[in-house]
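Here is what each chain is made of, one letter per residue.
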Amino acid sequence: MSTASRERFQSSLRRARKIAVLTGAGVSAESGIPTFRGAGGLWRRYDATSIASPEAWQRDPGLVWEFYNHRRERALGCAPNPGHRALARLEAVWRDAGRTFTLITQNVDGLHEQAGSRDPVRLHGSLWQVRCLACGSVTENRDVPITPAFAGSGSPDPDARARRFTAAELPHCRCGGVLRPHIVWFGEALEERDLAAAAAGVEGCDLLLVVGTSAVVYPAAGFVPLARRHGALIAEVNVEPSAVTSLCDFVFTGGAGEILPSLLDVAPEPAP
Ligand code: BV8
Ligand code: ZN
């Protein structure tokens, strides 16, 4: 990161009246949460659509819950890293100065909230929420294992043909309905409310900060060209180029946990 580009970025950041941030799995990598497409990534081991999709759920809901139970178990022991905390600090400083700050995340691990981010737009849902297929209620659920039958089940074998869990062993709502992860799977529409909140945060923003995403999943990745069309400056923090690096005015290469604390340690410039 050259000092010149860092100073140019920080001077633009100070003047920004409306900031938007889009994060992906990379912001949680230094917290020990595996990414999807990088080395050791989750989707490297599994074909995403074979596990995180409505078809997979129809075929074998127990296998899908085994996958999410395993991710919940792993996430339980993970804490926010300095990257999450730097973003939460920037949010607090900007909002205290009466300016606008919107954090949009593709992550489902809940680490932004744990770091103090007040109301992230969670485009893909949450590992810690479940939705009832019968009554539609969405509730917080931090049971690990999700039900006793999943204790120690580990990560699933997507090639397993036989169902390993009975319907009775799946989590159920008080109304008797089966509970699914409240997560947006491939082929499922994102919630209109979340898409609208993200668009409102990006449209008219002076600066969009893109942190730790390969930017290959839509419609989330579409917020980067949207910001550009609205004339925003775009900065990226990533350990390697992504699908949107060519759209960025600033590119800072390295870990989010290493780069963000000093990069974002600026105060907003008083209004002229
Ligand atoms: C939908 C939940 C339509 C699951 C996820 C065009 C338009 C619309 C849709 C599509 C389209 N083209 C294709 C589609 C379909 C599909 C899609 O985008 N497919 C891709 C793969 C091509 N999109 C959908 O299906 C979406 N739905 O469009 O529905 C519709 C409309 C109406 C009615 C019905 C249907 C739904 C998408 C949501 C899918 N669910 N997650 C779960 O998590 O279990 S997406 C999945 O990918 C994850 O949630 C993840 O968040 C997301 C994006 O991945 P990243 O976060 O970027 O993570 P990744 O590992 O890829 O990259 C990590 C990055 O971090 C890397 O760049 C790495 O270098 C960097 N990094 C690593 N370490 C660090 C770091 N950076 C900084 N510091 C570090 N230390
Ligand atoms: Zn119910």
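Residues numbered from 1 in each chain as written. Chains lettered and ligands numbered in written order. Predicted model: local features only at pLDDT ≥ 70, side-chain atom pairs only at ≥ 80, totals over all residues. Heavy atoms only, no water.

Asks: Give me the site of ligand 1: which residues, what numbers.
Replies: Neighbouring ligand 1 are 34 residues, the closest being F36, R37, R71, T213 and S214. At a separation of 2.7 Å, an oxygen atom of ligand 1 approaches a polar backbone atom of G187. S214 has a polar side-chain atom sitting 2.6 Å from an oxygen atom of ligand 1. Within the complex, 74% of the 1,500 Å² of free accessible area of ligand 1 lies under protein. Among the secondary structure elements, those contributing two or more residues to the shell around ligand 1 are helix 2 (26-29) and helix 6 (61-76). Broken down by class, the residue content of the shell around ligand 1 amounts to 17 nonpolar, 12 polar and five charged. Mapped onto the domain boundaries, the shell around ligand 1 takes at least three residues apiece from domain 1 (1-33 + 80-124 + 191-272) and domain 2 (37-77 + 125-183). (Near = heavy atom within 4 Å. Polar contact = N/O pair within 3.5 Å; in protein donor to acceptor, adjacent residues only side chain to side chain. Areas by Shrake-Rupley, 256 points an atom, 1.4 Å probe, with all protein chains shown as cover. Helix = DSSP H or I, 4+ residues; strand = E, 2+ residues; numbered from the N terminus. Nonpolar A, V, L, I, M, F, W, Y, C, P; charged D, E, K, R; others polar. Domains from an automatic or database assignment.)

Asks: Tell me about the sheet that holds strand 2 (residues 100-105), and please be specific about residues and values.
Replies: Taken together, six strands build an open sheet; the order of strands is 3-2-1-7-8-9 and the sheet is parallel. The open sheet has two free edges, formed respectively by strand 3 (121-122) and strand 9 (250-253), since each of these has just one partner strand. Note: strand 1 (residues 18-23) against strand 2, six bridges, orientation parallel. Bridging from a neighbouring strand, T23 pairs with T105 of strand 2. Here helix 1 (residues 3-15) sits on the sheet and contacts strand 1, strand 7 (207-211), strand 8 (233-238) and strand 9; the angle it forms with strand 9, its principal contact strand, is near 120 degrees. The sheet contacts of helix 11 (residues 256-263) involve strand 7, strand 8 and strand 9, and relative to strand 8 the element is tilted by about 140 degrees. (Pairing = 2+ DSSP bridges. Contact = heavy atoms within 4.5 Å. Axes fitted to C-alpha atoms, helices over the stretch in contact; angles between N-to-C directions.)

Asks: Mind laying out the packing of aromatic side chains, listing which residues take part and the relevant values?
Replies: Counting across every chain of the model gives seven aromatic pairs. An aromatic cluster is built from W57, F67, Y68 and W185, whose rings are joined through pairwise contacts. Just above the ring of W185 sits the side chain of R180; from NZ or CZ to the centre is 3.7 Å. (Phe/Tyr/Trp six-rings, centres within 6.5 Å; stacked < 30°, edge-to-face > 60°. Lys NZ or Arg CZ within 6 Å of the ring centre and 35° of its normal.)

Asks: Please provide a residue-by-residue account of the pairing of strand 2, values included.
Replies: Counting buried positions over the six residues of strand 2 gives five, a clear majority of the element. Relative to strand 3, strand 2 runs parallel, the two being bridged by two bridges. Looking at strand 3, one finds that I104 is bridged to V121. (Buried < 20%, exposed > 50% of the residue type's maximum accessible area, 1.4 Å probe, protein only.)

Asks: Kindly report on the environment of F9, identifying the contributing residues and their values.
Replies: Tracing the backbone shows F9 in helix 1. A relative accessible area of 0% places F9 in the buried class. The spatial distance from the C-alpha of F9 to the C-alpha of L263 is 8.6 Å, given a sequence separation of 254 residues. Beyond its immediate sequence surroundings of up to four residues, F9 is in contact with L207, A235, F250, F252, L263 and L264.

Asks: Could you give an account of the coordination of the zinc ion (ligand 2), naming the residues involved and the relevant values?
Replies: Summarising the metal site, the zinc ion (ligand 2) is bound by the protein donors C132 (SG), C135 (SG), C173 (SG) and C175 (SG), whose distances to it range over 2.2 to 2.4 Å. Around the zinc ion (ligand 2) sit four donor atoms; with metal-centred angles ranging over 101 to 121 degrees, the donor geometry is tetrahedral. Read in sequence order, the donor residues for the zinc ion (ligand 2) give the motif C-x2-C-x37-C-x1-C. With a relative accessible area of 15%, C173 lands in the buried category. For C175, a relative accessible area of 47% translates into the label partly exposed. (Donors = N, O, S within 2.8 Å, 3.2 Å for Na, K, Ca; no water. Tetrahedral: all angles 85-135°; square planar, octahedral: opposite > 155°, others 65-115°.)

Asks: Please provide a residue-by-residue account of the sheet that holds strand 4 (residues 125-132), values included.
Replies: The antiparallel open sheet is built from three strands, whose spatial order is 5-4-6. Because the sheet does not close on itself, it has two edges, and the strands there are strand 5 (138-140) and strand 6 (179-183). Across the sheet, the mean angle separating the axes of adjacent strands is 45 degrees when strand polarity is ignored. Where strand 4 meets strand 6, four bridges bridge the pair, whose relative direction is antiparallel. Within strand 6, the position partnered with R131 by the bridge is R180.

Asks: Outline the pairing of strand 1, listing residues and values.
Replies: Of all six residues that make up strand 1, six are buried, and the element is covered over most of its length. Covered by surrounding structure in strand 1 are K18, A20 and L22 together with I19, V21 and T23, the residues of both alternating faces. In this structure, strand 1 lies alongside strand 7, joined through five bridges in parallel fashion. The residue bridging V21 from the neighbouring strand is L209, located in strand 7.

Read these as spatial facts, not as claims about activity.
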